[in-house]
Amino acid sequence: LFSFNHSVLIPLFAERTFGGDAGTLGLLFSVTGVGSLIAALYMASKTAPSEHRLAVAAVIAGVATVLFALSPTLGIAIAMSPVLGAASIMFFITANSTLQLTARPEMRGRVMALYGMVFLGSTPFGAPIAGWVGEHLGARVGLAGGGVVALATGIIGLWVIRRRVARTVALPEREVSEPTVGERALSA
């Protein structure tokens, strides 16, 4: 809804922030696409998605978006574009793979339909918000705001994962002992 509206804000960024033209916009999108392609090829070599990778991708996407938004020169924005593209595609692929591989086979179609509705369906709501923010507050604010949301989401995800792992490690192992009278009666 908030973090992946680059296609709405980068044209404003190219024109208003750097005084560029269609060539500037094309260059920014092309370099972002190169980063996406490299990350997609890298992700193809991964066998199993993980929640940790998803959270890390959100953090990287958030940081890259904020750094892109705060770029003082076009050169720095161009340098951040492949990182932004790579982190975004890493997030998309990991989210998609996680859902497909963890959903029960009989529910997979329904789960993916809901995922498509939420992921793709939130864009028509987020894009006008991002466009309004970019138009009235500036493209930097719109991009940085989306980056902060992605960064916060990733950090919260990493925190939840760390708490879950800590809780699992802290649980004492069950000692193997003789079954109780009640357990013996139930097994009989």
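Everything that follows concerns the structure shown earlier in this document.
Visitor: What's the story with the layout of surface pockets in this structure? I'm lost.
Guide: Where empty space is left can be seen by rolling a probe of water-molecule size over the atoms. Of the voids in this model, the largest pocket is the one considered here, and its volume is about 690 Å³. Around the largest pocket, the lining comprises 31 residues; the ones closest to its centre are Ser3, Phe4, Phe91, Phe92 and Phe119. Residue assignment for the lining of the largest pocket shows that the elements contributing at least two residues are helix 1 (6–17), helix 2 (22–44), helix 3 (51–69), helix 4 (74–102), helix 5 (108–121) and helix 7 (139–170). At six residues, the largest contribution of residues to the lining of the largest pocket is made by helix 4. Classifying every residue of the lining of the largest pocket by side-chain character gives 18 nonpolar, 13 polar and no charged.

Visitor: Just to check I follow, could you spell out the packing of aromatic side chains for this structure?
Guide: To describe a pair of aromatic rings, you give the distance between the ring centres and the angle between the ring planes. Using the criterion set out here, one finds five aromatic pairs in the structure. The interplanar angle of 80° and the centroid separation of 5.1 Å between the aromatic rings of phenylalanine 13 and phenylalanine 18 together place this pair among those described as edge-to-face. In this structure an aromatic cluster arises from ring pairing among Phe4, Phe91 and Phe92.

Visitor: What is the right way to read the packing of helix 3 against helix 7 from this model?
Guide: Each packed pair of helices is defined by two parameters, the angle between the axes and the distance between the axes. Two elements in contact, helix 3 and helix 7, have axes separated by 7 Å at closest approach and are oriented at 155°. The angle between helix 3 and helix 7 falls in the class roughly antiparallel. Judged by the sense of rotation from one axis to the other, the crossing of helix 3 with helix 7 is left-handed.

Visitor: Is there a simple way to explain helix 6 (residues 123–136) in this structure?
Guide: Two residues of an α-helix separated by three or four positions point the same way, owing to the 3.6 residues in each turn. With 14 residues, helix 6 ought to run about 20 Å at 1.5 Å a step, and its terminal C-alpha atoms sit 19 Å apart, in line with that. On its buried side, helix 6 packs onto helix 1 and helix 7. One or two residues past the end of helix 6 sits glycine 138, with phi positive at roughly 110°.

What counts and how
- Residues numbered from 1 in each chain as written.
- Predicted model: local features only at pLDDT ≥ 70, side-chain atom pairs only at ≥ 80, totals over all residues.
- Heavy atoms only, no water.
- 1 Å grid on protein atoms, 1.4 Å probe; cavity = no way out; pocket = protein on both sides within 12 Å on 5 of 7 lines; lining within 4 Å.
- Points joined across faces, edges and corners; volume = space filled by probe spheres on them.
- Helix = DSSP H or I, 4+ residues; strand = E, 2+ residues; numbered from the N terminus.
- Nonpolar A, V, L, I, M, F, W, Y, C, P; charged D, E, K, R; others polar.
- Phe/Tyr/Trp six-rings, centres within 6.5 Å; stacked < 30°, edge-to-face > 60°.
- Axes fitted to C-alpha atoms, helices over the stretch in contact; angles between N-to-C directions.
- Parallel < 35°, antiparallel > 145°, perpendicular 65-115°, else oblique.
- Left-handed = near helix turned anticlockwise from the far one by under 90°.
- Expected span 1.5 Å × (residues − 1).
- Contact = heavy atoms within 4.5 Å.

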